[in-house]
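Okay, here's what each chain looks like letter by letter:
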Amino acid sequence: MIKKRYILNFPPDSGDKPFSYHLVKDYDIRINILKAEVYPGKRGSLLLELQGKKENIEKGVEYLKKQNIVCESLDKRIHFQEDKCIDCGNCTAVCFAGALTMNHETWKLEFDKNQCVVCELCIPACPLHLFEIDFR
């Protein structure tokens, strides 16, 4: 069993499709909705954590793409300019998900994209504006 996070972007006409039902029933994938922005008749975005067998997740993602849902791995949508970071730790104070932490041995900032829930609180917290997250 693996866990993988994806950002899904929906076209305006996809609101009536039971995609989550099919992921669970047809592909044996557990889903966890971590963030959602839905604008009926316009667009929608979801951050989903998918858990299941690797091959089932791959098949489920292919199913989503066939439904005209843009499905992209979360780590491709988060950009952190680590090389410019001064390790001040401001972002760790707002990161309730635990994705941003200070290593207490090296006093260097550590970023675990797998823990990120795209709350975007790190963006204004960083004095150097080193975070960019594309959720839409």
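Use the structure listed above.
Residues numbered from 1 in each chain as written. Predicted model: local features only at pLDDT ≥ 70, side-chain atom pairs only at ≥ 80, totals over all residues. Heavy atoms only, no water.

### A look at the nonpolar core
- Membership of the largest hydrophobic core comes to 19 residues, with the highest contact counts inside it found for Leu-74, Leu-100, Leu-109 and Phe-131.
- Among the secondary structure elements, those contributing two or more residues to this core are strand E5 (78–80), strand E6 (100–102) and strand E8 (131–133).
- Formed by 15 residues, the second largest nonpolar core is a distinct cluster that contains Leu-8, Phe-10, Leu-50 and Ile-69. (Core = buried A, V, L, I, M, F, W, Y, C linked by side-chain atoms within 4.5 Å. Buried < 20%, exposed > 50% of the residue type's maximum accessible area, 1.4 Å probe, protein only. Helix = DSSP H or I, 4+ residues; strand = E, 2+ residues; numbered from the N terminus.)

### Some words on the side chain of Lys-35
- Within the element layout of this structure, Lys-35 appears in strand E2 (residues 30–39).
- Given a relative accessible area of 17%, Lys-35 falls into the buried group.
- A polar contact is formed between the side chain of Lys-35 and the side chain of Glu-120, at a distance of 3.3 Å. (Polar contact = N/O pair within 3.5 Å; in protein donor to acceptor, adjacent residues only side chain to side chain.)

### Some thoughts on helix H2 (residues 54–66)
- Its 13 residues give H2 an end-to-end C-alpha distance of 19 Å, which sits within 8% of 18 Å, the value for a rise of 1.5 Å per residue.
- For H2, the set of buried residues is Asn-56, Ile-57, Gly-60, Val-61, Tyr-63 and Leu-64. Down the axis of H2, the buried side of the element spans an arc of 155 degrees, and every buried residue falls inside it. Pointing more than 90 degrees away from the buried face of H2 are the exposed residues Lys-54 and Lys-66.
- The inward-facing, buried residues of H2 abut strand E1 (2–10), helix H1 (19–27), strand E3 (43–52) and strand E4 (70–73).
- Looking at the residues trailing H2, positive phi occurs at Asn-68, about 65 degrees. (Expected span 1.5 Å × (residues − 1). Arc of directions from axis to C-beta. Contact = heavy atoms within 4.5 Å.)

### Concerning the sheet that holds E3
- Strand order in the open sheet formed by four strands is E2-E3-E1-E4, with antiparallel pairing between adjacent strands. Only two strands of the sheet have a single neighbouring strand rather than two, namely E2 and E4. With direction set aside, neighbouring strand axes in the sheet form an average angle of 20 degrees.
- In terms of strand pairing, E2 meets E3 through nine bridges, oriented antiparallel. Note that in E3 the partner of Tyr-39 across the bridge is Arg-43. (Pairing = 2+ DSSP bridges. Axes fitted to C-alpha atoms, helices over the stretch in contact; angles between N-to-C directions.)

### What about the pairing of E3?
- Burial analysis of E3 places eight of its ten residues in the buried class, the great majority of the element.
- Linking E2 back to E3 in an antiparallel pair, the connection comprises three residues, with Gly-41 at a positive phi of about 80 degrees.

### With respect to the packing of H1 against H2
- Taken N-terminus to C-terminus, the directions of H1 and H2 make an angle of 150 degrees; their axes are 10 Å apart at the nearest point. Here the hand of the crossing between H1 and H2 comes out right-handed. For the pair H1 and H2, contact is made by Phe-19, His-22, Leu-23 and Tyr-27 and by Asn-56, Lys-59, Gly-60, Tyr-63 and Leu-64, respectively.
- Here the residues of the contact of H1 with H2 are counted per class, giving five nonpolar, three polar and one charged. (Left-handed = near helix turned anticlockwise from the far one by under 90°. Nonpolar A, V, L, I, M, F, W, Y, C, P; charged D, E, K, R; others polar.)

### Describing the packing of aromatic side chains
- Across all of its chains, the model carries five aromatic pairs by this definition.
- Plain terms: the ring middles of Phe-80 and Phe-131 are 4.5 Å apart, the flat faces sit at 10 degrees to each other, and that makes the pair stacked. Taken together, the residues span a long stretch of sequence, with Phe-80 in strand E5 and Phe-131 in strand E8 at a distance of 51 residues. Each of the two residues, Phe-80 as well as Phe-131, counts as buried.
- Between Phe-111 and Phe-131, the aromatic rings sit 5.9 Å apart at their centres with planes inclined by 85 degrees, giving edge-to-face as the arrangement. Of this pair, Phe-111 sits in strand E7 (residues 109–111) while Phe-131 sits in strand E8, and the two are 20 residues apart along the sequence.
- Among the aromatic residues, ring-to-ring pairing joins Phe-80, Phe-111 and Phe-131 into one connected group. (Phe/Tyr/Trp six-rings, centres within 6.5 Å; stacked < 30°, edge-to-face > 60°.)

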